Amino acid sequence: MKLEGRTALVTGASRGIGRAIALALAAEGADVAINYVSNEAAAAAVVEEVQAIGRKGMLARADVGDFPDTYAMAHSVLREFGHIDILVNNAGVTSDKTFVNMDHSTWRKVLAINLDGVFNCTKVCIDQMVEQNYGRVVNITSVIGQIGNFGQANYAASKAGVAAMTKTLAKELASKGITVNAVAPGFIETEMVSSIPQSLQDRLLSQIPLRRFGKAEEVAQMVVFLCAPEGDYVTGAELEVNGGLFM
Ligand code: NAP
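Residues numbered from 1 in each chain as written. Predicted model: local features only at pLDDT ≥ 70, side-chain atom pairs only at ≥ 80, totals over all residues. Heavy atoms only, no water.

**Re the environment of Met-58**
Next up, step 1: With respect to the secondary-structure elements, Met-58 resides in strand β3 (residues 57-61).
Next up, step 2: With relative accessibility at 12%, the residue Met-58 sits in the buried group.
Next up, step 3: Non-local contacts of Met-58, meaning those with residues more than four positions away in its chain, are made with Val-32, Ala-33, Ile-34, Val-47, Ser-76, Val-77, Glu-80 and Phe-81. (Helix = DSSP H or I, 4+ residues; strand = E, 2+ residues; numbered from the N terminus. Buried < 20%, exposed > 50% of the residue type's maximum accessible area, 1.4 Å probe, protein only. Contact = heavy atoms within 4.5 Å.)

**Describing the site of the ligand**
Next up, step 1: Close contacts around the ligand come from 31 residues, with Ser-14, Ser-38, Asn-90, Tyr-155 and Thr-190 the closest.
Next up, step 2: One of the backbone N or O atoms of Ile-17 is found 2.8 Å from an oxygen atom in the ligand.
Next up, step 3: Separating an oxygen atom of the ligand from a side-chain N or O atom of Lys-159 is a distance of 2.8 Å.
Next up, step 4: Notes on the ligand: free accessible area 910 Å², of which the protein chains cover 95%.
Next up, step 5: Elements with a minimum of two residues in the shell around the ligand: α1 (16-27), β2 (31-36), α6 (153-173) and α7 (191-194).
Next up, step 6: The class makeup of the residues in the shell around the ligand is 16 nonpolar, 12 polar and three charged. (Near = heavy atom within 4 Å. Polar contact = N/O pair within 3.5 Å; in protein donor to acceptor, adjacent residues only side chain to side chain. Areas by Shrake-Rupley, 256 points an atom, 1.4 Å probe, with all protein chains shown as cover. Nonpolar A, V, L, I, M, F, W, Y, C, P; charged D, E, K, R; others polar.)

**A short note on the UniProt feature "binding site: NADP(+)" (unreviewed entry) in the protein**
Next up, step 1: Per the UniProt entry, the sites bearing "binding site: NADP(+)" (unreviewed entry) are Gly-12, Ala-13, Ser-14, Arg-15, Asn-90, Tyr-155, Ala-156, Ala-157, Ser-158, Lys-159 and Ile-188 in this numbering. These annotated residues cover 177 residues of sequence, and their C-alpha atoms reach 24.6 Å apart at the extremes, leaving them scattered rather than at a single site.
Next up, step 2: For Ser-158, the location among the structural elements is in helix α6.
Next up, step 3: According to the relative accessible area criterion, Ser-158 is buried, its value standing at 0%.
Next up, step 4: For Ser-158, the residues in contact, after removing those within four places along its chain, are Val-110, Leu-111, Asn-114 and Leu-115.
Next up, step 5: A distance of 3.3 Å separates polar atoms of two side chains, one belonging to Ser-158 and the other to Asn-114.
Next up, step 6: Topologically, Ile-188 is positioned in the loop between β6 (178-185) and α7.
Next up, step 7: According to the relative accessible area criterion, Ile-188 is buried, its value standing at 3%.
Next up, step 8: Other than its neighbours up to four places away in sequence, Ile-188 contacts Ile-17, Val-193, Gly-214, Lys-215, Ala-216, Val-219 and Val-241. (UniProt positions renumbered as here; feature names shortened; annotations may be inferred.)

**Here's the deal with the pattern of salt bridges**
Next up, step 1: Per the counting criterion, the structure on display carries nine salt bridges.
Next up, step 2: For Glu-49, the salt bridge identified is with Arg-19, shortest N-O distance 2.9 Å. A residue pair is termed long-range when its members are at least 10 positions apart, and Glu-49 in helix α2 (residues 40-53) and Arg-19 in helix α1 qualify at 30 residues.
Next up, step 3: For Glu-49, a relative accessible area of 28% gives the class partly exposed.
Next up, step 4: The salt bridge partner of Arg-55 is Asp-31, with a shortest N-O separation of 3.4 Å. One end of the pair, Arg-55, is in the loop between α2 and β3; the other, Asp-31, is in strand β2, with 24 residues separating them in the sequence.
Next up, step 5: On the basis of relative accessible area, Arg-55 is assigned to the partly exposed category, the value being 21%.
Next up, step 6: Given a relative accessible area of 13%, Asp-31 falls into the buried group. (Salt bridge = Lys/Arg side-chain N within 4 Å of Asp/Glu carboxyl O.)

Here it is, written out as structure tokens:
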């Protein structure tokens, strides 16, 4: 196993891509803290799945957009695990409106979780990673941050912001034994995509060279690669898992 002895905090791990990442890290031997904000039953089920693999799992509730809440969560994980080696900033939301109809609160809601949330979670974990001279930070961005999308000015801006932050942190932290990378999924089969009307899903599929939506597990394996020794020489990258949608 590639991650034996490692500990991880995965945000937004109660379902979808975050859940798949948590289970893939556990399958490689990591103990995993499962962050969520409201769906405790789903998060607890993921903790049970991690434990069934034979690793330690714990619940780590926090609204990542809220700094004090996030600080308290990170400290509860540190108390339980003793250290955090891997941080996966996966929690994210959409709230779509064309720009003309987008009010300030819709803009702020998405930026607060998707961009401020990455600042908050990384900030509360980084001192400890610097101290131990080791860390793997993986930020989940999106193809939408690379190409834009109708009705998603807030979401696209948040993901492009995270991609830029990833490169800056990679430069600042490389000398501390910490790599910082992003994984940019295309359209992945989760609740986020199943909520898109069927006619629009069909139109999207026609634009994807591989003619299918991706699987959460396919994104998770890219995250495992970046956290495992095979990924040690990769930092500041944004790796794409998008079926060829953007190339
Ligand atoms: P999802 O199924 O909607 O799950 C979202 C997760 O984020 C849930 O675990 C949710 O927790 C958590 N969450 C939401 N707001 C939070 C907050 N304020 N604090 C902490 N956790 C919060 O999402 P997904 O489709 O798996 O997407 C995961 C990530 O991949 C997101 O960053 C998304 O932007 C990105 N992405 C997704 C796709 C796609 O096609 N699905 C494509 C590109 C990028 P609760 O269950 O407690 O609500």
